[in-house]
Amino acid sequence: MSLRLSAACLILAGAIAWPAGAFDPAKLKAIDRAIGDAIDRGEIPGAVFRLEHRGEVYEKAYGHRSLLPEKEPMTADTIFDAASLTKVLATAPSVSLLADRGRLDLDAPVVSLLPEFAPKGELRPLFRDKFDTRADTVAHRALVTVRQLLTHCSGLPPSISTQDEPWWGHRNGVRRCLTAPLIARPGTAFRYSDINYILLGEIVRRVSGRPVDAFAAEEIFAPLGMSDTGYRPATHLGARLAPTEALGAYGVIRGEVHDPTARRMEGVAGHAGLFTTAADVARYAAAFLPGAGSPVFRPELAAEMTRVQSPETLPARRGLGWDIDSAFSYQRGEVFPVGGFGHTGWTGTSIWVDPGSATVVVLLANRNHPSESGKIKELRIRVGTLAAEAVGLKPRAGSQAAAFRSDPVSSPIQQGTIGNRTAAGDPAGPVKNGIDVLADADFAPLRGLTIGLITNHTGIDREGRSTIDRLHGAPGVKVRALFAPEHGIRGTLDQAKIDDGTDERTGLPVYSLYKNETRAPSPAQLEGLDALVFDIQDIGCRFYTYLSTMGNAMEVAAREGKRFFVLDRVNPIDGIAVDGPVREGEASFTAWHPIPVRHGMTAGEMARLFAAERRMKLDLTVIPLEGWSRAMRFGDTGLPWVNPSPNMRNATAALLYPGIGLLEFCALSVGRGTERPFELIGAPYIDEKALAADLEAAELKGLRFEPVRFTPGASVFAGESCGGVRIVVTDAAACNPLDLGMVLAVALQKRYAGHLKLREKYPTLLKHPATLEAVAAGKSVAEIRRLWEPALQDFRQRRAAFLAYE
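(A) Geometry of the side chain of Thr229. Counting through the fold element by element, Thr229 comes out in the loop between helix H8 (212–224) and strand E8 (230–231). For Thr229, a relative accessible area of 11% corresponds to the buried category. Within the structure, Thr229 has its side chain in polar contact with the side chain of Thr276 (distance 2.7 Å). Here the side chain of Thr229 touches Asp280 through a polar contact of 2.8 Å, side chain to side chain. Other than its neighbours up to four places away in sequence, Thr229 contacts Phe221, Leu274, Phe275, Thr276 and Asp280.

(B) Representation of the packing of aromatic side chains in the model. Taken as a whole and assessed by the stated rule, the structure comprises 20 aromatic pairs. For the ring pair Phe288 and Trp322, a centre distance of 5.3 Å and an interplane angle of 80° mean the geometry is edge-to-face. Within this pair, whereas Phe288 is found in the loop between helix H10 (278–286) and helix H11 (299–306), its partner Trp322 is found in the loop between strand E10 (317–318) and strand E11 (323–325), the two being separated by 34 residues in sequence. Here the aromatic cluster, defined as three or more aromatic residues joined through ring pairs, consists of Tyr284, Phe288, Phe297, Trp322 and Phe341. The ring of Tyr330 carries Lys377 above its face, with NZ or CZ at 5.0 Å from the centroid.

(C) How the structure looks around the sheet that holds strand E27 (residues 703–710). In spatial order, the strands read E26-E28-E27; together these three strands make up an open sheet with antiparallel pairing. Of all the strands in the sheet, just strand E26 (680–683) and E27 have a single pairing partner and so form its edges. In this sheet, adjacent strand axes meet at a mean angle of 25° when their direction is disregarded. As judged from the four bridges shared by E26 and strand E28 (residues 722–729), these two strands associate in the antiparallel manner. Bridge pairing links Ile681 to Val725 in E28.

Calculation criteria
- Throughout this description, residue numbers start from 1 for each chain and increase along the sequence as written.
- Where totals are concerned, whole chains, interfaces and linings use all residues; where local detail is concerned, this predicted model gives features only for residues with pLDDT of at least 70, and gives and counts side-chain atom pairs only at 80 or more.
- Water and hydrogen atoms were dropped before computing side-chain values, which therefore reflect all heavy atoms in the structure.
- Each helix is a run of H or I in the DSSP string that is no shorter than four residues. Each strand is a run of E no shorter than two, and both are numbered from the N terminus.
- Exposure is judged per residue with a 1.4 Å probe applied to protein chains only, and the accessible area is read against the type maximum: over 50% gives exposed, under 20% gives buried, and values in between give partly exposed.
- In protein, a polar contact requires one atom able to donate a hydrogen and another able to accept it; more generally it is a pair of N or O atoms within 3.5 Å, and residues adjacent in sequence count only if both atoms are side-chain atoms.
- Any two residues whose heavy atoms approach within 4.5 Å at even a single point are treated as in contact.
- The rule is short: rings of Phe, Tyr and Trp, with Trp giving its six-membered ring, pair when the centres are within 6.5 Å, and they are stacked under 30 degrees, edge-to-face over 60, tilted in between.
- Put simply, a charge is over a ring when the Lys NZ or the Arg CZ is close to the ring centre, within 6 Å, and near the line of the ring normal, within 35 degrees.
- Whether two strands pair depends on DSSP finding at least two bridges between them.
- Angles shown run from 0 to 180 degrees and are taken between the N-to-C directions of axes, each axis being a line fitted to C-alpha atoms and, for helices, limited to the stretch in contact.

Have a look at this one:
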C-alpha cells in the first residue's frame, strides 16, 4: 500500500502524528478497514481513496491494481478508466464553458445545433419491446434543449445498441444517437442516458471546431494541471493503467475504454472514454469549492453548474452534469447534507463534493476487474459516511438526507451558488443561521414557551432540516400553530389568496397570512401563545414581501402583548449595498416601510429598525447569525439554497431582482413561466437584437446581454412568442442591479412607449415619482441616481444603529 498525507502530517517511526484540526484518525482507520474488507470479500481488487478538506489531504492506495494476467500492487498514481465521470469531467464543463462564452445557449433546441436530430428516430431492435415511442414526433423532437440533455430529461433512451448489428466508428455512433427515438416527452421524465452526452460531445465539436477530447484537454485539463487525465492514454503509461474486464479471447482490457459504445466510437465519446487519477479528479472538484479561484470556471459559472437545473416536477435533482440529489447520488453517504454534488462511473469510480464543509471525496476502483461480478455501491455509501465524520460532521437521527430522498418532489432545495470568498474573507467557522444558533443553545431562549411559528419551506437549518420539525421536537418548547406567508407553508403557491390548512407531518393548524387584507395573525389565533417566532429567508429587496409579513406580525404581537423572536438569516445579495429609491408616499404590502429597494440588512436587523422607527412596545429577541460577514453573498456561506418563492430559482435571480422586478407590473415578461425567471425579459413587440444592442451599448459592469426569443408558459404573455434578452451575470461583484433596472426601463420606454404602460404600471413597486419622470424623459443613470442620494444618505444613517454584524 502507498500512503500520502499533507505536509502538516508527520511520519514518525512508522506512526502517524495527527495535528490539531486535521482528520479524525479513528474515522480514517475505519475507511481503511471498509475498503480492505471489500477487497477481502472479492468485491473490488483494489482502490485509491483521496479526501481533501481545507488544505488537508489524505490519500491511500489499497489492494491490487491488476489480478490478471498477473498481480500488481495498487499505487496512488494509478490511472483509472473514469467511465461516466467523463460526463462531469469533460463533456458537461466543455458545454458549460461554451455557453458561458456566448457560443451556445443552453435553452436552444438541439435541432438548431444538430439539424439531423429533427426527423423521427428509428427504434433499434434492442429497445423495441422495452419502450413506447409515441412521444417521438417531429414536434416533440424540436422541443429538446441542450439543458435537457445535460440534466437527463430529454426523453431519449438510455443508450444505443452495440448488439443488434455490427457497426464501428465515431461518426456512426453519433449518427445512431441522432436517430434514436424519444421515449418520453421532453422535460417530463428523468432517465439517465448515455445518448444525451454523446450528442453533447458532438455539439462541442460543431460549436468549437474541436472534438471533445481536444477541447477538454486544452480548455480544462491543462489549465487545471490535470496532467494524468485524457482520452486514449499513451502506451508508455501502461504500467500505471488499471485494467478492467477480461473478455475471453480478447484478453484483459487495459488502456482501452471499457464502455462498449465508446470503444466502438474509437475511444472518444461524450459519455465515457476518459482516464484519470484520484489526484486529478480531486483537483477538478476543488475548482468548485467556495473561494477556489479557478483559472477555468468563474464563480458565477461554477454556481450555475452546481445549482439544480432539472425541472422541479421531477424527483431527480441535477446540475449541469453534476448529480445533486437522485437515486444515483448514494455516494454522499448518510451524513453529508443535501446541497453537495458528485457523480459515479460504471467501472467503480465516484466523487462527492460538499461545499459547506469544503470537502472533496474521491474513490476510484476497478470493480469490474477481472469480471463484472464485482460490486461497490455499499462501499461508496460507507466511505461517504465515514469521510463526512472524518472532517467533523456529525450523524443526526432523522437527517434531511433520508427525508429528502423519501419525498424529493416536496422540497425545492438547491445547491447554493458558488461565489467569491476572497472579498469576504474566510470566516472562523461555518456560517450559521439563527435556527442553527438556537439549536446549538439547546433551544434555551424558547424553553417553557408556547409559540406560533411564522415560517415556510425556507425555514431550514444548515443540514436542510425544517425549522417546523426542529422546534416541534425541541425540549421544553410547545408549538401550537403555524403561520404561512405569501406562497404558502411549502412555498409552492403563486396565487392571490391562500386558505388555512393543516401541516401533514405535525398535525398543527396552518393559518394563512395571505388570504385577507390584514395579512397578519388575528388576536384569536394568538390566544394561548406566549410568543411568535419568525424564520423565513428574505432576498434583500424592499418589494419582496416576507419582511412585510414580519412587520405586520410584529405590530400584532406588540398590541397583544406577545413576545417576538426572529431567527436571523443571511442577506443573500450581501449586507453592504444600499441602493435604489427610498419609498415615498403611502405604505403597501410591497412597500411596508420607507426603505430603499436594496436595503443591505438581515431580517433580524430590519426587525430592530421596524420596532424602533414604528415605536412598537414589543419584547423583541433576535437569535443572531454566526460566521457571516456583510460582504458575503449567498454562495460564500456554504448554506443550501432553497427557492424562496416559485420563481426565485437561484442566487443570480435574487441579485437581478431589485432591478428587473421593478418592471414586472408593466406590459413585459420578466421570465415567469420559463426556466429563467428574472434572467429573461421580453414581449411580443420587442426586437430582440435591437434591445440587446441598446443594453450592450450601456456597458454595464458584470453583465452581458444575449438576444433571445422565448414563450412564457405562464404569467404575462403566456403562450406568446416574445423577443427579448437573456441577462448573463459575468461578475456578480461588479453587477449593479439598480443600474440595470434603470437602463432597461429607459431603453424600453424610448423604443416601446406605446406598449410598455410605464406611467400606469411602473409606480406600483417603484414608489418614487421623480424616478418615474426621469425614466420617462430618458435621463441617464447618473442623473437618476442624484434623485435618490439625499434619502439614501438619510437611510444609511438610520440603519447604522441597527447593524449587528461586522
